[in-house]
Amino acid sequence: MTTAIQQATGAAHTGLLGLGVYRPSRRITNAEICENIDSTDEWIRTRSGIIERRWADEGETVVSMAVASAKEALDHAGVAPQQIGCVLVATVTHMLQTPAAAPLVATELGAFPAAAFDISAACAGFCYGVGLASDMVRAGTAKYVLVIGVERLSDITDPHDRTTAFLFADGAGAVVVGPTDEPGIGPVVWGSDGEKFDLIAQKEDWRDVVQAERAFMPHLRMDGNPVFRWASFAMAKVGREALDVAGITPDELRAFIPHQANMRIVDAMARTLRLSDHVAIARDIAYQGNTSAASIPLAMDRLLVDGESRSGDTALLIAFGAGLTYAAQVVKIP
Ligand code: UT7
């Protein structure tokens, strides 16, 4: 006798149903950063586009910022926490090896008994999460999935390292992914290149810290210029592939929301992609800094708040970072 296992099927189409963000309260100017490094406000502005960034206060934890952004996303989507089938938290700054942040976030939201796990894909984490969430909803694994990008990079940034101190920042952004009448999330184009593993990495692992009896966390170090060149050129190709597989022409695009790593990378990608004048380009990095997994939802929110984009606009997302990892997809802005 053969035994047939039933398999689930889910929604024909998926989309982003709601967006929420959390911007920490402390504004850190370039002048404050330059108290610890040999640099200038002018150098930081011209080389990175950053005017100021937000750093979290003691009470603004990875979990609290994730929860705040998720509540806003659920409200916006009109979805109750109990309807969430899975909570994905993209982060590299949850400071416990185990358990993950996601189960705690789910519980604080009242999303019981949602599946919950963290994604460690650095700055690509949010787009990895949206890709996974869309596939889950289409496969019938969950009806609604909460995807949160959250970072407290100020914890692992060395304030005396002039190559990174001005760049990294804190914040959170969340979306609810669920079934829609029309396609709202294109196929993800994603990948990794471990040959470049060392270009952005913590300086040492926890065992090294313990053996050296250090009293501080393993800080991030970055070989910025090779990452800059890789992102500026290779990522535009990934963006073009994401447009192709979604069947969207550059003319149909209304917004470009890349990871906010450096304003010059945003500009270089926009030039290589030959975006038309009517495409709104996210430039949230100027006042938010580089918030890794949180940067794309934060930048999407800024376009909406500033009136440069509207709900329903077609947007290209491109994320890239440590690993190296990358992911891009076309979405409709919620
Ligand atoms: O989010 C994850 C992915 N991360 C990224 O995508 C970041 C990508 N990289 C970058 O954004 C850029 O590489 C940085 C903004 C980090 C640096 O800009 P750059 O144009 O690549 O500068 P560079 O590293 O090539 O350094 C140029 C010069 C050097 O001096 P010399 O050798 O030309 O005399 C550096 O020593 O700038 C110097 N420099 C600084 N000067 C003033 C490096 N850091 C600083 C500083 N202030 N903070």
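Our subject is the structure that appears above.
What you are looking at is a predicted structure, and each value in this text was computed from that prediction instead of being measured.

## Brief notes about the overall build of the chain
So, step 1. A count of helices and strands for the chain gives ten helices and 14 strands.
So, step 2. Against the 2.2 N^0.38 benchmark of 20 Å for 334 residues, the chain shows a C-alpha radius of gyration of 19 Å, consistent with a compact globule.
So, step 3. Projected onto its principal axes, the C-alpha coordinates of the chain cover approximately 70 × 50 × 40 Å.
So, step 4. In the chain, which comprises 334 residues, the proportion classed as buried is 55%.
So, step 5. A total accessible area of about 15000 Å² is found for the chain, and carbon and sulfur atoms account for 51% of it.
So, step 6. Here the chain contributes 28 positively and 40 negatively charged side chains, and the mean placements of these two sets differ by 4 Å.

## Looking at the nonpolar core
So, step 1. Core analysis: the largest hydrophobic core is formed by 49 residues, its most contacted members being Met 235, Phe 256, Leu 316, Ile 318 and Phe 320.
So, step 2. Examining the composition of this core, we find that nine residues originate from one element, helix 7 (residues 224–246), more than from any other.
So, step 3. In terms of nonpolar packing, the next biggest core, distinct from the first, is built from 36 residues, Leu 16, Ala 121, Val 177 and Ile 257 among them.

## Some words on helix 3 (residues 62–77)
So, step 1. Given a rise of 1.5 Å per residue, 16 residues ought to cover 22 Å, and the 22 Å separating the end C-alpha atoms of helix 3 matches this to within 8%.
So, step 2. Of all the residues in helix 3, the buried ones are Val 62, Val 63, Met 65, Ala 66, Val 67, Ser 69, Ala 70, Ala 73, Leu 74 and Ala 77.
So, step 3. Against the buried residues of helix 3 lie strand 1 (14–22), strand 4 (84–90), helix 4 (101–109), strand 6 (144–152) and strand 7 (170–179).
So, step 4. Positive backbone phi, at 70 degrees, marks Gly 78, one or two positions downstream of helix 3.

## Observations concerning the site of the ligand
So, step 1. Contacts to the ligand come from 20 residues, most closely from Ser 39, Asn 225, His 259, Asn 262 and Asn 290.
So, step 2. One of the side-chain N or O atoms of His 259 is found 2.8 Å from an oxygen atom in the ligand.
So, step 3. Between an oxygen atom of the ligand and a side-chain N or O atom of Asn 290, the distance comes to 2.7 Å.
So, step 4. When the ligand is considered free in solution it has 950 Å² of accessible area, and contact with the protein chains removes 73% of it.
So, step 5. Looking at the shell around the ligand, the elements that each hand over two or more residues are helix 2 (41–48), helix 7 and helix 8 (263–272).
So, step 6. No other element matches helix 7, which puts four residues into the shell around the ligand.
So, step 7. A breakdown of the residues in the shell around the ligand according to their chemical character gives ten nonpolar, six polar and four charged.

## Quick look at the pattern of salt bridges
So, step 1. Taken as a whole and assessed by the stated rule, the structure comprises eleven salt bridges.
So, step 2. A salt bridge links Glu 241 to Lys 237; the shortest N-O distance between them is 3.5 Å. Remark: Lys 237 and Glu 241 occur in helix 7; sequence separation between them is four residues, near one turn of the helix.
So, step 3. Among the salt bridges present, the one from Arg 283 reaches Asp 267, with a minimum N-O distance of 2.6 Å. Residue Arg 283 is found in the loop between strand 12 (280–281) and helix 9 (285–288), and its partner Asp 267 is found in helix 8; the two are separated by 16 residues along the sequence.

Definitions and limits used
- Residues numbered from 1 in each chain as written.
- Predicted model: local features only at pLDDT ≥ 70, side-chain atom pairs only at ≥ 80, totals over all residues.
- Heavy atoms only, no water.
- Helix = DSSP H or I, 4+ residues; strand = E, 2+ residues; numbered from the N terminus.
- Rg over C-alpha atoms; globule rule 2.2 N^0.38 Å.
- Buried < 20%, exposed > 50% of the residue type's maximum accessible area, 1.4 Å probe, protein only.
- Areas by Shrake-Rupley, 256 points an atom, 1.4 Å probe, with all protein chains shown as cover.
- Lys, Arg positive; Asp, Glu negative; His and termini not counted.
- Charge placed at Lys NZ, Arg CZ, Asp CG, Glu CD.
- Core = buried A, V, L, I, M, F, W, Y, C linked by side-chain atoms within 4.5 Å.
- Expected span 1.5 Å × (residues − 1).
- Contact = heavy atoms within 4.5 Å.
- Near = heavy atom within 4 Å.
- Polar contact = N/O pair within 3.5 Å; in protein donor to acceptor, adjacent residues only side chain to side chain.
- Nonpolar A, V, L, I, M, F, W, Y, C, P; charged D, E, K, R; others polar.
- Salt bridge = Lys/Arg side-chain N within 4 Å of Asp/Glu carboxyl O.

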